[in-house]
Amino acid sequence: MIRNLWNDLEGTFFPESALDHMPEARLREVQLQRLKAVVALTYEKVPLFRERMDAKGVKPGDVRTLADVRLLPFSTKADLRDTYPYGLFAVPMSEVVRLHASSGTTGKPIVVGYTAQDMEVWKQVIMRTLYAAGFSRSDIVQNMFGYGLFTGGLGLHGGLEGIGATVIPISGGNTERQIMVMKDFGVTAVCCTPSYFIHLIEMAQKMGIDFRKDLKVQRGVFGAEPWTDQMRQYIEGATGIKAYDIYGLSEIIGPGVGAECHCQDGLHIFEDHFLVEIVDPQTLEPLPDGQEGELVFTTLSKQAMPAIRYRTRDLTSIDTRSCACGRTVRRIRRISHRSDDMFIIRGVNVFPSQIETALLKTEATLPHYQIVLTRKSGLDRMEVRVEVSGEMLQDTVGAMDALQKRFGHSIAQITGLTAEVTLVQPGSIPRSEGKAKRLFDKRNEG
Amino acid sequence: MKITQLSVFLENRPGRLSALCRTLADAGVNLSTLMLSDNGEFGLLRLLTPDVDKAKATIAAAGYAATTTEVVALQVPDRPGGLAGVLVLLEKAGVSVEYMYAFAERPGSDAVMVFRFDQTDKALAALQSAGVPVFKPVDLFKA
């Protein structure tokens, strides 16, 4: 196999990653050509898109430059629900080789489909993701993303096989067994959500396992939920591994939309497949590069279910500076919050990530926490429940009182709001084995 | 001689203390003495046991937040002014008592008090030079 030719150059050159380095002018040409094709295809095959185009009086032929993408209508998760299950598919089912679905926390799930070519593209972008994070065929990789309808597990799996790594398709859950496998199988790299990995670090500590001495894990890719630089510092400090952020969503392709390189300074978007825009979430007007707004994607090569100007609800900005790694595909700042995570309390906009930052400012390690919003006689209250760990514990009530006050003070500094901080016993906040749920809004209950 | 004391964080809610005691009992850990201080919302349970390593491991495995502290157990004459004499001695040495409590069992006719000092080594030196008997763990738990 010709692929073996490159193995001697391992760690220095990966043919799939060459597309990350395309000359910019050529990259824009490719994007424009693909944009025209996907708009024509979607207009022809997807009634909802055609109706919206017609309502705006826009024809596929009106897209002449990349900037013309702003003529196109937006799409949202609601469109996927409204047309459940296959309403946005652009190919007959005989062409669809794979279905995935999101866990529907409210009502119906959303369904996404892939043609054989889509599957190949998906594999390629995940290979590029993994190479960017320093994975190679020598790695033994424990893939703790859930296998099944969720795109995380099987998505990563395809790319891991693509790079020739040894894959352990363990899926999520059963943390003690995960740690046993990690140790016994000599695992060198991991994939999972950042909150699950933090849970796993805690469990390893409890089991008396030292990441640096007892395990061989060197690196990991973490995604499927927003996380912060402080969480990365915690993960890297506690384990000695390199933690890379990856980005994706099922509606676009799954994991493999964007990835951090070794510079760990924003996520490169695989722009030859995904056209990125940032818009003002209220006015939906495009925002200039560098300004924070809602991330919007148009898929450039998807066949089964193309997405046109899909609103992700994730908030970030485009970084046009060239990256020290040499990739020419642009970066987005890592996503630490989503527009639908934001809550408004006493008229102030707050993101759970701000609470997290405040807690990490007080304690070097990230405690488990939960934000509970309640309403009492018309007044909103924000309670932040923080689990006390062995490292945080001091032997006098006075010292613990002071810690509680420091948490409250730090939250007030960052959000401008008074929060009631409650210290709780370890384990009293439920752990997530998938995406962490931090916010409990009980203001409209009872 | 310092004694290792275990402090455990407990939420001030019904059943929390009994759950911890049950966990220790199931592991066969015998508690020599206990002291709880709280602020209404949460408390710190301090405990002394002959088997501190086992107690610590049991508590950690059960998922509690716990930490160890060095305390000093003293024999205090059981007569008026017995404790005052010891405290004056420590005050003169510039040592503060962060908290103290009585040891549940009495090995002899005198009282046994457990002290947490801000400067344990300094306190021990002052006690030693004044000839105040300080318990070794082995003697304290033998009683």
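Residues numbered from 1 in each chain as written. Chains lettered and ligands numbered in written order. Predicted model: local features only at pLDDT ≥ 70, side-chain atom pairs only at ≥ 80, totals over all residues. Heavy atoms only, no water.

Points about the overall build of chain A
- Regarding its fold elements, chain A presents 12 helices and 21 strands.
- Taken over the C-alpha trace, chain A has a radius of gyration of 23 Å; the compact-globule value for 446 residues is 22 Å, and the two agree within 12%.
- Over its C-alpha atoms, taken along the principal directions, chain A stretches across nearly 70 × 60 × 40 Å.
- For chain A, buried positions account for 56% of its 446 residues.
- For chain A, the computed accessible surface area is about 18,700 Å², with 51% contributed by carbon and sulfur atoms. (Helix = DSSP H or I, 4+ residues; strand = E, 2+ residues; numbered from the N terminus. Rg over C-alpha atoms; globule rule 2.2 N^0.38 Å. Buried < 20%, exposed > 50% of the residue type's maximum accessible area, 1.4 Å probe, protein only. Areas by Shrake-Rupley, 256 points an atom, 1.4 Å probe, with all protein chains shown as cover.)

Quick look at the overall build of chain B
- If you tally the helices and strands in chain B, you get 5 helices and 6 strands.
- Written out in order from the N terminus, the α and β elements of chain B read β-α-β-β-α-β-α-β-β-α-α.
- For the C-alpha atoms alone, the extent of chain B along its principal axes is close to 45 × 30 × 25 Å.
- Relative to its 143 residues, chain B shows a buried fraction of 41%.
- Restricting the contact set of chain B to residue pairs at least 6 apart, pairs at least 24 apart contribute 72%.
- Of the roughly 6,900 Å² of accessible surface on chain B, 51% is carried by carbon and sulfur atoms.
- Between the mean site of the 14 positive side-chain charges and the mean site of the 15 negative ones, chain B shows a separation of 2 Å. (Contact = heavy atoms within 4.5 Å. Lys, Arg positive; Asp, Glu negative; His and termini not counted. Charge placed at Lys NZ, Arg CZ, Asp CG, Glu CD.)

Concerning empty space enclosed by the protein
Residues and elements named next belong to chain A.
- For the structure on display, the rule yields 2 cavities of 30 Å³ or more.
- A volume near 170 Å³ is recorded for the largest cavity.
- Lining the largest cavity are 18 residues, and of these Ser75, Leu88, Pro306, Ala307 and Ile308 lie nearest its centre.
- If you list the elements that add at least two residues to the lining of the largest cavity, you get helix 3 (47-56) and helix 4 (77-82).
- Here the lining of the largest cavity is built from residues that sort into 12 nonpolar, 3 polar and 3 charged. (1 Å grid on protein atoms, 1.4 Å probe; cavity = no way out; pocket = protein on both sides within 12 Å on 5 of 7 lines; lining within 4 Å. Points joined across faces, edges and corners; volume = space filled by probe spheres on them. Nonpolar A, V, L, I, M, F, W, Y, C, P; charged D, E, K, R; others polar.)

Some points on the domain arrangement of chain A
All names here are of chain A.
- Examined at the domain level, chain A breaks down into domain 1 (1-340) and domain 2 (343-441).
- Distance between the C-alpha centres of domain 1 and domain 2: 30 Å.
- Contacts between domain 1 and domain 2 engage 19 residues on the former and 14 residues on the latter.
- Buried area between domain 1 and domain 2, summed over both chains or domains, comes out near 1,500 Å², and the portion from carbon and sulfur atoms is 57%.
- Three residues, His199, Gln230 and Tyr234, lead the burial of domain 1 against domain 2; their summed loss comes to 28% of the area buried on that side.
- At the boundary of domain 1 and domain 2, one finds 0 salt bridges.
- Our count for the domain 1 to domain 2 interface comes out at 1 residue pair in polar contact (both at pLDDT 80 or more). (Domains from an automatic or database assignment. Buried area = accessible area lost by both parts, 1.4 Å probe. Salt bridge = Lys/Arg side-chain N within 4 Å of Asp/Glu carboxyl O. Polar contact = N/O pair within 3.5 Å; in protein donor to acceptor, adjacent residues only side chain to side chain.)

Quick word on the pattern of salt bridges
All names here are of chain A.
- Overall, the coordinates contain 38 salt bridges over all chains when judged by the stated rule.
- When the shortest N-O distance is used, the salt bridge between arginine 232 and aspartate 229 registers 3.4 Å. Here arginine 232 and its partner aspartate 229 are both found in helix 10 (residues 229-239), 3 residues apart, which amounts to about one turn of the helix.
- Owing to a relative accessible area of 5%, arginine 232 belongs among the buried residues under this scheme.
- What makes aspartate 229 partly exposed here is its relative accessible area of 39%.
- Between arginine 331 and aspartate 265 there is a salt bridge; the shortest N-O distance is 3.6 Å. Of this pair, arginine 331 sits in strand 14 (residues 331-332) while aspartate 265 is found in the loop between strand 8 (254-260) and strand 9 (267-269), placing the two residues 66 residues apart along the sequence.
- Looking at arginine 331, the relative accessible area reads 3%, which means it is buried.

Remarks on the sheet that holds strand 15 (residues 337-338) of chain A
Residue and element names in this part refer to chain A.
- Read across the open sheet, the 4 strands follow the order 10-11-12-15; overall the sheet is antiparallel. The sheet terminates laterally at strand 10 (274-279) and strand 15, the two strands that pair on one side only.
- Of the pairings in the sheet, the one linking strand 11 (residues 293-299) to strand 12 (residues 310-316) comprises 4 bridges and is antiparallel in character. Bridge pairing in strand 12 links glutamate 294 to leucine 315. (Pairing = 2+ DSSP bridges.)

Things to note about the environment of A:Lys216
All names here are of chain A.
- Positionally, lysine 216 belongs in the loop between helix 9 (211-214) and strand 6 (219-222).
- Owing to a relative accessible area of 55%, lysine 216 belongs among the exposed residues under this scheme.
- Linking lysine 216 and alanine 189, residues 27 residues apart in sequence, is a C-alpha distance of 8.3 Å.
- For lysine 216, the contacting residues outside a window of four places in its chain are Gly186, Val187 and Thr188.

Remarks on the packing of helix 5 (residues 116-132) of chain A against helix 6 (residues 151-163) of chain A
Residue and element names in this part refer to chain A.
- Following both chains from N to C, one finds helix 5 and helix 6 inclined at 75°, their axes separated by 8 Å at the closest point. In terms of orientation, helix 5 lies roughly perpendicular with respect to helix 6. Between helix 5 and helix 6, the contacting residues are Trp122, Lys123, Ile126, Met127, Leu130 and Tyr131 on the first element and Thr151, Gly155, Leu156, Gly158, Gly159, Leu160, Gly162 and Ile163 on the second.
- Residues of the contact of helix 5 with helix 6, tallied by class, amount to 8 nonpolar, 5 polar and 1 charged. (Axes fitted to C-alpha atoms, helices over the stretch in contact; angles between N-to-C directions. Parallel < 35°, antiparallel > 145°, perpendicular 65-115°, else oblique.)

Topic: a nonpolar patch on the surface
- Taken together, the side chains of A:Tyr86, A:Met93 and A:Leu99 make up a nonpolar region of the molecular surface, amounting to roughly 240 Å² of accessible area.
- According to the relative accessible area criterion, A:Met93 is partly exposed, its value standing at 35%. (Patch = residues over 30% accessible without salt bridge, like charges linked within 9 Å, V, L, I, M, F, W, Y side chains within 5 Å.)

Observations concerning helix 6 of chain A
All names here are of chain A.
- The end-to-end C-alpha separation of helix 6 is 18 Å, in line with the 18 Å expected for 13 residues at 1.5 Å each.
- Counting buried positions along helix 6 gives 10 out of 13 residues, so the element sits mostly inside the fold.
- Within helix 6, the full set of buried residues consists of Thr151, Gly152, Gly153, Gly155, Leu156, His157, Gly159, Leu160, Gly162 and Ile163. (Expected span 1.5 Å × (residues − 1).)

Considerations on unusual backbone geometry
Residues and elements named next belong to chain A.
- For the peptide bond that leads from tyrosine 84 to proline 85, omega is -5°, which places it in the cis range.
- The backbone of glutamine 264 sits at a positive phi, close to 50°, despite the residue not being glycine.
- With a relative accessible area of 16%, glutamine 264 lands in the buried category.

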